[in-house]
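Listed here are the chains, written in short residue letters.
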Amino acid sequence: MTNIAVLVSGGGTNLQALIDAEKSGIIKSGKIKLVVSNKADAYALKRADDNGIDSVVITRKACGSQEAMEQKIMETLEKNNIDLIVLAGFMSILTEKFTGKYDHRIINIHPSLIPSFCGAGFYGLRVHEAALEKGVKVTGATVHFVNEIPDGGEIIMQKAVSVADDDTPETLQKKVMEQAEWIILPLAVEKVSKQISERKDVK
Ligand code: GAR
């Protein structure tokens, strides 16, 4: 079984999709052990609590620097024997010190079809604003491994979503979540959890 930590910053609808997928058996090779938030007021923390999942708040402000925050997160992950880290709306770009330690063990959900509308500065609603400004007719979501390049790691899964003429950033965000993110994130988590747990069994 792969021990999973989900890192969040906000509403946590992707965390909810993972919790639901574990309950329904879509995720069967991994278990969500811990939720880590870098925001004290993230609604995702309530979702963890409601579902009996341990959670911890680790903010940059309280730690004093990005480096100290990452160090604290790494210690927490180690203490909890975490094998796989899922960034589900985690709005802080992790440095190479962190990503290098967990090669092919961190995955992220991004609300566009990478390599479009990604990299530093493209997060949350901004991604959908940029897609609408460009006038693309198809967008979607991508799950990828995380390396030192923002949104630059190997792609695991993608799903396309049609853009309507009257879409606003808000309606497009909702569509991309419902039609892509909440579907492919659990599938990708199961895929990678299975690979990791098979490697663990061999050891
Ligand atoms: C999601 O749309 C996720 O793809 C996006 O933030 C939202 C978080 O929502 N992530 C990024 O933009 C990362 N670059 P949630 O907290 O409800 O899951």
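Residues numbered from 1 in each chain as written. Predicted model: local features only at pLDDT ≥ 70, side-chain atom pairs only at ≥ 80, totals over all residues. Heavy atoms only, no water.

Caption draft 1: Seen up close, the pattern of salt bridges. A full pass over the atoms with the stated rule returns seven salt bridges. Residue Lys46 is joined to Asp50 by a salt bridge in which the shortest nitrogen-to-oxygen separation is 2.8 Å. One end of the pair, Lys46, and the other, Asp50, are both in helix H2 (residues 44–50), four residues apart, so they sit about a helical turn from each other. A salt bridge links Lys97 to Glu67; its shortest N-O distance comes to 3.6 Å. Here the residue Lys97 occupies a position in helix H5 (residues 96–101), and Glu67 occupies one in helix H4 (residues 66–79), the gap between them amounting to 30 residues. Residue classification places Glu67 among the exposed positions, given a relative accessible area of 54%. (Salt bridge = Lys/Arg side-chain N within 4 Å of Asp/Glu carboxyl O. Helix = DSSP H or I, 4+ residues; strand = E, 2+ residues; numbered from the N terminus. Buried < 20%, exposed > 50% of the residue type's maximum accessible area, 1.4 Å probe, protein only.)

Caption draft 2: Fine view of the sheet that holds strand E2 (residues 30–37). The seven strands lie next to each other as E3-E2-E1-E4-E5-E6-E7, forming an open sheet whose pairing is mixed. The outermost strands of the open sheet, each flanked by one partner alone, are strand E3 (54–57) and strand E7 (155–162). Recorded for the sheet is a direction-independent mean angle of 20° between the axes of neighbouring strands. Across four bridges, the pairing between E2 and E3 is parallel. The residue bridging Val35 from the neighbouring strand is Ser55, located in E3. (Pairing = 2+ DSSP bridges. Axes fitted to C-alpha atoms, helices over the stretch in contact; angles between N-to-C directions.)

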